[in-house]
Amino acid sequence: MGDRGFRGLLPLLVAALCLLAAPAVGWAAEPAAAQYCRSARLDGARVSTSVALRHDKRTYTEIVTRLTLDVPGSWPLSRDLLLSERSSRYATAMSCLTRAGGREQRRWSEWRSANPVVTWKGDRVRVVYRAHAWANEYRSDIDVGLWRLRVGARYWTVRLMVPPALAHARWEKISVDPGAPGAEWARPSPTGGEGATTLIWRPKGPAGTKAGGTAARRDGAAAKGREAAPEHRSVPAVSVGLKPGWQRSWSAQSGRLTALGLDFLGRLLWVGLVSALLLVATRFYLRRPGTATADQSRTLANLRRWALTAVGLSALVCADLLIEQCFGHFGAWLDFGDQLFIEYGLALVAVLALLRVAGWSRWWALWTALALNPVVAISAVGSSRRFLGLGGALGVQITLSCCFVALTLLAVTAALWRIAVDGRLLPESRRFPGNDRVLRPGVAGPAVLAATVVIAVCYALAEQRDWLRATWLSDATVHAYGPDRLQDYLWQAMWSVSFLQELVIGDQAWLLTAVAVLAALRAWRLPGSLTPLDDPGDRLLFLTFFAVTVGLSGGTHLANALPTGVWIPLNMLALYGTTALLARRSVLAQPFELSGRPLATVAGPWARTRLLHKSRAYREIHAELRRLDQGLFGDEPPQRDRLERRLEKLHDWPAGVPLVGHDRLPAKISVVDAALALGPRDDWWANGRRGALFALVPGLPAAGLGAWAWGIRGEAWQDTLSDMVGMPALAFNFLYWMVSWAAAGFVLGALWRVLPGRRGAVKAIPVTAAFAVPAGLDALVGWFLHESTSNTALQLSMMLFVLTVTGIMLDFDTFGGERRYWQSRMGLLLSVYQMRYYSLQVAYVIAQVIAMITIWQFFTEPDVTPSQGGTPPDAGGG
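Keep in mind that this is a model prediction, so the values were computed, not measured. (Residues numbered from 1 in each chain as written. Predicted model: local features only at pLDDT ≥ 70, side-chain atom pairs only at ≥ 80, totals over all residues. Heavy atoms only, no water.)

Draft legend 1. A look at the overall build of the protein. Within the protein one finds 26 helices and 14 strands. Looking at the 878 residues of the protein, the share that counts as buried comes to 52%. Across the protein, the fraction of contacts at a sequence separation of at least 24, relative to all contacts at a separation of at least 6, is 75%. Counting only carbon and sulfur atoms, one obtains 61% of the accessible surface of the protein, whose full area is about 39000 Å². (Helix = DSSP H or I, 4+ residues; strand = E, 2+ residues; numbered from the N terminus. Buried < 20%, exposed > 50% of the residue type's maximum accessible area, 1.4 Å probe, protein only. Contact = heavy atoms within 4.5 Å. Areas by Shrake-Rupley, 256 points an atom, 1.4 Å probe, with all protein chains shown as cover.)

Draft legend 2. How the structure looks around helix H15 (residues 536–550). Between its first and last C-alpha, H15 extends 21 Å over 15 residues, near the 21 Å set by a 1.5 Å rise per residue. Extensive coverage of H15 is indicated by the burial of 13 of its 15 residues. By the N-cap criterion, in which a side-chain oxygen at the helix start approaches the backbone nitrogen of a residue two or three places on, H15 is capped by aspartate 535, the distance to glycine 537 being 3.0 Å. (Expected span 1.5 Å × (residues − 1). Polar contact = N/O pair within 3.5 Å; in protein donor to acceptor, adjacent residues only side chain to side chain.)

Draft legend 3. Focus on the sheet that holds strand E7 (residues 156–160). Here we have five strands laid out as an open sheet, ordered E5-E6-E7-E12-E9, and antiparallel in their pairing. Of all strands in the sheet, those with a lone pairing partner are strand E5 (141–144) and strand E9 (183–187), marking the two edges. Strand-to-strand, the axes of this sheet are offset by a mean angle of 15 degrees, without reference to chain direction. (Pairing = 2+ DSSP bridges. Axes fitted to C-alpha atoms, helices over the stretch in contact; angles between N-to-C directions.)

Draft legend 4. Highlighting the pattern of salt bridges. Per the stated rule, a full pass over the model turns up 30 salt bridges. Between arginine 106 and aspartate 484 there is a salt bridge, with its nearest N and O atoms 3.0 Å apart. A residue pair is termed long-range when its members are at least 10 positions apart, and arginine 106 in the loop between helix H3 (88–98) and strand E3 (117–121) and aspartate 484 in helix H13 (residues 481–506) qualify at 378 residues. Look at arginine 106 and you get partly exposed, because its relative accessible area is 24%. Of the residues examined, aspartate 484 reaches a relative accessible area of 29% and is grouped as partly exposed. (Salt bridge = Lys/Arg side-chain N within 4 Å of Asp/Glu carboxyl O.)

Draft legend 5. Up close: the nonpolar core. Formed by 161 residues in total, the largest nonpolar core has its most connected members in Trp306, Leu354, Leu541, Phe542 and Val747. With 16 residues, helix H11 (residues 373–422) is the largest single contributor of residues to this core. Those residues in contact with leucine 354, other than ones at most four positions away along the chain, are Trp306, Leu313, Ala411, Val412, Ala415, Ile505 and Leu512. Within the second largest apolar cluster, 49 residues are counted, among which are Ile63, Cys96, Ala165 and Val240. (Core = buried A, V, L, I, M, F, W, Y, C linked by side-chain atoms within 4.5 Å.)

Draft legend 6. Main features of the sheet that holds strand E8 (residues 170–177). If you trace the seven strands from one edge of the open sheet to the other, you get E3-E4-E2-E1-E8-E11-E10, paired in mixed fashion. Each edge of the sheet is formed by a strand with only one pairing partner; in this case those strands are E3 and strand E10 (192–194). Strand after strand, the sheet turns through a mean of 15 degrees between neighbouring axes, direction not considered. The strands touched by H3 are strand E2 (62–72), E3 and strand E4 (124–134); relative to E2, the strand with the most contacts, the crossing angle is about 110 degrees.

Draft legend 7. Quick look at the state of the cysteines. Tallied over the entire structure, the rule returns one disulfide. Cysteine 37 shares a disulfide with cysteine 96; S-S distance 1.9 Å. Residues cysteine 37 and cysteine 96 are joined through a disulfide that is left-handed, its torsion about the S-S bond being -85 degrees. Separated by 59 residues along the polypeptide, cysteine 37 in the loop between helix H2 (23–28) and strand E1 (46–54) and cysteine 96 in helix H3 bring together distant segments of the chain. Classification of cysteine 96 by relative accessible area gives buried; the value is 4%. (Disulfide = S-S within 2.5 Å.)

Draft legend 8. How the structure looks around the environment of serine 87. When you line up the elements, serine 87 lands in the loop between E2 and H3. Among the residues examined, serine 87 registers a relative accessible area of 12% and is labelled buried. Separated by 3.3 Å, the side chain of serine 87 and the backbone nitrogen of arginine 89 make a polar contact.

Draft legend 9. Spotlight on the pairing of E5. Of the pairings in the sheet, the one linking E5 to strand E6 (residues 147–151) comprises four bridges and is antiparallel in character. What sits directly across from aspartate 143, in E6, is arginine 148. Linkage of E5 to E6, two consecutive antiparallel strands, is achieved through a turn of two residues, within which glycine 145 is found at a positive phi near 65 degrees.

Draft legend 10. Expanded view of a nonpolar patch on the surface. A cluster of nonpolar residues, Trp246, Trp250, Val773, Leu777, Leu780, Trp783 and Phe784, forms a patch on the protein surface that exposes about 790 Å² of accessible area. Those elements that provide at least two residues to the nonpolar patch are helix H6 (246–252) and helix H23 (760–784). The dominant element in the nonpolar patch, judged by the number of residues it contributes, is H23, at five residues. With respect to the helices and strands, leucine 777 occurs in helix H23. (Patch = residues over 30% accessible without salt bridge, like charges linked within 9 Å, V, L, I, M, F, W, Y side chains within 5 Å.)

So, in structure tokens, the structure goes:
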């Protein structure tokens, strides 16, 4: 697809996104419903409602409500409840029963997993209405069902909002469960309770009898007339005050300026700490004796440039909300034009920073076009709004936002490509051997365009779902409904640039860090080093790589990222500690019998080749011994003493220069153990590359399981669908897991020679332990803060499974040169492990799979947080 195809698809995309507002036109064409609720016919309705505040096992307090209504069939609107949920008459009837402030109110904070259940029973219509919300808005009224929660700094208030149509209905039961530790006060006094904290009200009828009295009493009460409304009001004005735990109180204030500032500071500290480690590593490399090669100079320059750029990028993609709150704190709310300038201005600087990492001299035309983008955007949107109305402004806004998203994706791709090519992480060009691969616009352009189209469509569908969720009981026939909907789309189209940049840059910047670190490790590694932990520069970068890509990114608690930076040194210390403590138990750390030197002193390529030859003879001799023990031999049985003498000679080892002096392998270390300890390649970098490649095999199902558990399973699927960038985030989540497993395999392979154990399944345990220690601390903090930690066990089991399978595959690859002599890979693997049957290794892997499935099935639950897509269009002052 060339430039002509690119220009041709963009108008089609804009037209398709604009057509998403088409259902509103169909709604407006329906016959108008009755404009009043006729509440006089609802006196015989029976009402029960409950609300519960769930504080534990989540970041924000969840408000769950249930409303049960038995509406008499004589009510004129009762049959409208049986119509489609998209019907205007249905919306009118349902709003009469569930809204205290009229139909035009829009509830951005209320969520429903399903539409109300409406059934016809005899001469009555039963309505069961379930909804939930999150206490995440400070000093605001959160409406859910018939209840309103007011969130304060220390005290919260729950109040029953009675719809006028139900003022004279029979309220049978009202219950409020404020959660532990219970309510501070309640008005009026409850008539009873349930459990430890639930308060119950059972209102009485108009004549002093209970609402469940006989029909004769109801008829007698109705005959007295309804002139005196207070005499017939049977529902109390229920109001309950509570003081939540400090954990949920702090989380509910995450939107305050102070909390936003601390969260912003935490993000900068995390990135700043990683950048500081990269800069310190560059100083270690510069102190090495000798002249740096061209590859080393380029990778070091990229590492330094990215370390300085990453901090600024993190500030740019997270600053818009903080800036908006700063203006609001001083009473200066921003209108659409002001926010558009801020959003596009920050996005522009972020794209230019990425292009600088990619080498912006190659992108001078794009830089020139971007320079005036905010001014052009404001002028274009403003002009189209004056001359073409909201529809024209929306089309222009969608076009500009899609262009910015495409530029962001292109800039990230170009920066990644530049760092990878300079570090020789990509293979050479096939068309021009000996030259680097070039990022071709003819390939990158259509790919970026396709990704932009998919992201834009997912975003538009999420916005449509969010609008319909908030306005499902609004009157679509009124004149203001259509313009309000276009106004909401206009704001969301403007905010999409910030949302997508935070997803692509803010949440995925660690990928650029990982590539820059790998490029530097490849170019600057010491040829004779046993592991990357031998050199100070390599050690610092390698431990940083583990903390950024493999280690659990913990510390985000109470909806605040302030302590996240602590987890960087924790992960680094965990890996270095487990490696240093157990290094003496590794095979290559064992001393020779005669000289006392460790086996690591002969860990060169020649020694590995020698050990592979000896290992084959060792396994063949043991196979003969097993056949001799079982009586499986020919006419001349082999002599056991001769075979044992051959095994003794295999333990002899040349010391120093080949054929000059001899030594003996340790008695407990066989030549097979020594060969497996060296790994499949001649140095730690090559072993790490093989480990990363092999980790992708078990990593693929593990990544699918991780994406399912965190983004699809249970309530997480509703959050994914409702979030503005939920579906793109799900794809990036799968990518995150795949990269993390590959990085874990690289760490395992790079540390292969100093890890304890004689087999790969055992070597995987120390790396898993290095991952588990910070994860366990994070789970402990989550337990103290009453937040969900259930998925931690699943993550640990997946890590052990991926590394165990990777370790076994590395063992197999060590003797991969013998594959052509065996009928199957499993036969060679059993020969390497000296097993006749599958035995312990396979049983160990199967047990891990069963444990992982068990944990996923019974002990995991998604840590769902409220979607950020439910922000009302007037939140920014427009």
